Amino acid sequence: MTNKDVLNELFKEHLQNCSLSGLNSICKSDLHNHFGRGGSREYLESIFNIKIDSPPEKFEAFSHMDEWFIENIKKYCPYLKRLEAAFVQAASDNISVLAASFGFDEENMMAFIQTMKSLNLQFAPNTILLPEYALDRACDTDRELSRLDEVLSYKWFKSIDISYNEFAQPIKKFKKIYRKAKEYGLILRAHVGEFGTADDVMEAVEELELDEVHHGIAAAKSEQVMKWLSDHKIQLNVCPTSNIILRVVESYSVHPIRQLFDYGIPVTINTDDMLVFNQSVSQEYLNIFKSGLMNAEELDIIREIGLRALEHYN
Ligand SMILES: [Zn+2]
């Protein structure tokens, strides 16, 4: 048996035994992670000696989640410490490859990159960080386009994303930005099909020539779109707990990742905003397994799909 075979067997065994500590020990990816929200509440509670109240069981809307985050966490925990917490979390869950998204407004980008590199080394030396440049869907696209050369000239970012309000403006407004990002060799991703429709997913992939979609679960409502995504091997980076708490999906046992997987679409399992949703990647796998939605073999295939992101590292 090769080392890889051993890991495959162990991962499945830990799922079947519902062993969270066992799952923690197996290498995994997290490819949809808003890094300023990527840590655990327990860690921030311990370093700031504070008590963070749990969020409501479900949020009324996306804005409700943002308000909760600002009031309960952002107010008390500065950005750099939250980034430190995100590295600590990645190390504790054995995340070997992490696409960490940053909404960017740094005055001194060189200094920020150096800080990230030293935090990476100090708190998660075995985690390969693939920094993602996150645009707000409501941003001024002309302004973003004009500064993109500078942002990407540091050759730090490996991917680009659009997040927040999916309905803020038409996706095609980002076309020029994505053309340029492609010239720089970035992986092209965008949040779409979380609250929107299957057609929105297809439109975004076509207009922006996306390699991957963050969420994209609305695609499961259209057989035609699922077949198209499968034919084009467009990867969907799915976050089950986020979907449940934001009322997009009723429960783990009916999550559309099942249909997406069955159509042969590459899917991965990720945390989204760990500080809010409070489920590690290992817990996400376990939640899906325990619900009976997918078996250990299938979840191990998903784990391996995620680890392919290591190929983007150089
Ligand atoms: Zn997200």
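Details of the structure are given in the entry above.
Residues numbered from 1 in each chain as written. Predicted model: local features only at pLDDT ≥ 70, side-chain atom pairs only at ≥ 80, totals over all residues. Heavy atoms only, no water.

Describing the state of the cysteines
Following the criterion strictly, the structure yields zero disulfides and no others. Here C239 is not cross-linked by a disulfide; its sulfur's nearest cysteine counterpart is in C27, at 20 Å. (Disulfide = S-S within 2.5 Å.)

Observations concerning the coordination of the zinc ion
Coordination of the zinc ion by the protein involves H32 (NE2), H34 (NE2), H191 (NE2) and D272 (OD), with metal-donor separations of 2.1 to 2.3 Å. Metal-centred angles of 83 to 173 degrees between the four donor atoms at the zinc ion mark the site as irregular. Positions of the donor residues of the zinc ion, expressed as sequence spacing, correspond to H-x1-H-x156-H-x80-D. Looking at H32, the relative accessible area reads 0%, which means it is buried. (Donors = N, O, S within 2.8 Å, 3.2 Å for Na, K, Ca; no water. Tetrahedral: all angles 85-135°; square planar, octahedral: opposite > 155°, others 65-115°. Buried < 20%, exposed > 50% of the residue type's maximum accessible area, 1.4 Å probe, protein only.)

Overview of helix α5 (residues 79-92)
Each turn of an α-helix holds 3.6 residues, which means side chains three or four residues apart point in the same direction. Given a rise of 1.5 Å per residue, 14 residues ought to cover 20 Å, and the 20 Å separating the end C-alpha atoms of α5 matches this to within 8%. Buried residues of α5: R82, L83, E84, A85, A86, F87, Q89 and A90, and no others. In this structure, the buried side of α5 is in contact with α3 (41-48), α4 (62-74), β2 (95-103), α6 (109-123), β3 (128-136) and α13 (274-277). Following α5 by one or two positions, N94 has its phi on the positive side, about 50 degrees. (Helix = DSSP H or I, 4+ residues; strand = E, 2+ residues; numbered from the N terminus. Expected span 1.5 Å × (residues − 1). Contact = heavy atoms within 4.5 Å.)

Details of the packing of helix α1 (residues 3-16) against helix α15 (residues 296-307)
For the pair α1 and α15, the least separation of the axes is 9 Å and the interaxial angle reads 130 degrees. Between α1 and α15, the crossing angle belongs to the class labelled oblique. At the point where α1 passes α15, the crossing takes the right-handed sense. Residue-level inspection shows K4, L7, N8, F11, K12, L15 and Q16 of α1 in contact with α15, the latter providing A296, E297, L299, D300, R303 and E304. Counted by class, the contact of α1 with α15 contains five nonpolar, two polar and six charged residues. (Axes fitted to C-alpha atoms, helices over the stretch in contact; angles between N-to-C directions. Parallel < 35°, antiparallel > 145°, perpendicular 65-115°, else oblique. Left-handed = near helix turned anticlockwise from the far one by under 90°. Nonpolar A, V, L, I, M, F, W, Y, C, P; charged D, E, K, R; others polar.)

Digging into the sheet that holds strand β5 (residues 187-192)
Within a sheet, adjacent strands bond to each other through the backbone by hydrogen bonds, running parallel or antiparallel. Sheet architecture is open: eight strands sit in the order β1-β2-β3-β4-β5-β6-β7-β8, paired in parallel fashion. Only two strands of the sheet have a single partner each, and these edge strands are β1 (28-34) and β8 (267-269). For this sheet, the mean angle separating the axes of adjacent strands, direction not counted, is 25 degrees. Pairing of strand β6 (residues 212-215) with strand β7 (residues 235-238) involves three bridges; the strand directions are parallel. The residue of β7 that forms the bridge with E212 is Q235. Here helix α9 (residues 198-208) sits on the sheet in contact with β4 (159-163), β5 and β6, set at roughly 155 degrees to β5. (Pairing = 2+ DSSP bridges.)

What to know about the nonpolar core
In terms of nonpolar packing, the biggest core is built from 76 residues, with F102, F157, Y178, L229 and L299 touching the most fellow members. Examining the composition of this core, we find that six residues originate from one element, α9, more than from any other. Dropping the residues within four chain positions of it, F102 is found in contact with F35, Y79, L83, F112, M116, P131, E132, Y133, A134, W156 and F157. Of all hydrophobic cores here, the second largest spans 15 residues; its members include C77, I245, L246 and V276. (Core = buried A, V, L, I, M, F, W, Y, C linked by side-chain atoms within 4.5 Å.)

Re unusual backbone geometry
As a rule of thumb, non-glycine residues mostly have phi less than zero, and peptide bonds are mostly trans rather than cis. In this structure, K155 is a non-glycine residue whose phi angle is positive, near 55 degrees. Mapped onto the elements, K155 comes out in the loop between α7 (141-153) and β4. Phi is positive for E209, close to 55 degrees, though the residue is something other than glycine. Residue classification places E209 among the partly exposed positions, given a relative accessible area of 30%.

These values are about where atoms sit, not about what they do.
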